[in-house]
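Take a look at the letters that make up each chain.
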Amino acid sequence: MRRALIGIAAGLAGAALWWRKNPSAMPYWQRFFVELPHPGITRERLIEILEPRARERLLEVGPGTGYYALTIAERLDGGRLEVYDLQQEMVDHVLRRAKDGGVKNVTGWTGDAQDMLFEANRFDGAYLTMVLGEIPDQDAALRELARVVKPGGRVVVGEFSLDPHYVTIGSLRERGGRAGLEFERRLGGGFAYFARFRVPPATA
């Protein structure tokens, strides 16, 4: 039994290491995992740091099955949440949940976060949670967020240390700076955190 448990643990560790070295989106058939509790990066904490407001247009990159999406959309009275994912199945799942829940201000798009289909300055803010580390070129994704969010808008990144693709706050701040994002504050610690960045105002 002990040998079997050691073997299972070694197998899981090996899979996690491989996954970390080969970033990719979580397949739709594994969607159960994105519905598990998110300790330290709860919906309430996201609301606290993102500060969604009425009539805003916000973007969620990698919404999974909508763990955060409907909660955020309901706070955008007169506004809109647009979800963007590499997998059409995930987008469709979120839109079904929104329809079933009577939430009418959610729009879905499919595409690559490294090269978004949106025009510049489209959104008042954007967020992504446990997603950045799944993107092969994190710098490109952050540059795209800096492009599609309006000057003065905010970008919130959520990370959870047990995620195989966990991005440390130090790495995130460095990458965000290279992308032209200004770090504002962090909510949480090393186990799980949200970090908020600002798109700097346009210069003349």
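Use the structure listed above.
Residues numbered from 1 in each chain as written. Predicted model: local features only at pLDDT ≥ 70, side-chain atom pairs only at ≥ 80, totals over all residues. Heavy atoms only, no water.

Trainee: Pulling in residues and values, what's your account of the overall build of the chain?
Mentor: Counting its secondary structure elements, the chain contains 6 helices and 7 strands. Going from N to C terminus, the chain has its helices and strands arranged as α-α-β-α-β-α-β-β-α-β-α-β-β. Buried residues in the chain amount to 48% of all 204 residues. In the chain, 73% of the contacts between residues at least 6 apart in sequence involve partners at least 24 apart. Counting every atom, the chain has about 10,300 Å² of accessible surface; 55% of that belongs to carbon and sulfur. (Helix = DSSP H or I, 4+ residues; strand = E, 2+ residues; numbered from the N terminus. Buried < 20%, exposed > 50% of the residue type's maximum accessible area, 1.4 Å probe, protein only. Contact = heavy atoms within 4.5 Å. Areas by Shrake-Rupley, 256 points an atom, 1.4 Å probe, with all protein chains shown as cover.)

Trainee: Break down the pairing of strand β6 (residues 182–188) for me, citing the residues and quoting the values.
Mentor: As defined by bridge partners, β6 adjoins strand β7 (residues 192–198) across 6 bridges and the pair is classed as antiparallel. Its bridge partner lying in β7, leucine 187 is registered against phenylalanine 194. The hairpin formed by β6 and β7 contains 3 residues between the paired strands. (Pairing = 2+ DSSP bridges.)

Trainee: Describe helix α6 (residues 169–178), naming the residues involved and giving the relevant values.
Mentor: Turning to α6, its buried residues are Ile169, Leu172 and Gly176. Each buried residue of α6 lies within a common arc of 60° when the element is viewed along its axis, so the set occupies one face. Lining the buried residues of α6 we find α5 (138–148), β5 (149–160), β6 and β7. Phi turns positive, to about 90°, at glycine 180, one or two residues after α6. (Arc of directions from axis to C-beta.)

Trainee: Please set out the nonpolar core residue by residue, giving values where relevant.
Mentor: Within soluble globular proteins, side chains that are nonpolar tend to cluster in buried spots. Counting residues in hydrophobic clusters, the biggest one holds 30 residues, and the most contacted among them are Leu59, Val61, Met116, Leu132, Leu145, Val155 and Leu172. Of all the secondary structure elements, the ones that give two or more residues to this core are β1 (57–61), β4 (123–129), α5, β5, α6 and β7. If you tally residues by element for this core, the top one is α5, at 5 residues. Setting aside anything within four residues of it in sequence, one finds methionine 116 in contact with Leu59, Val61, Tyr84, Glu144, Leu145, Arg147 and Val148. In terms of nonpolar packing, the next biggest core, distinct from the first, is built from 25 residues, Leu46, Leu50, Tyr68 and Ala192 among them. (Core = buried A, V, L, I, M, F, W, Y, C linked by side-chain atoms within 4.5 Å.)

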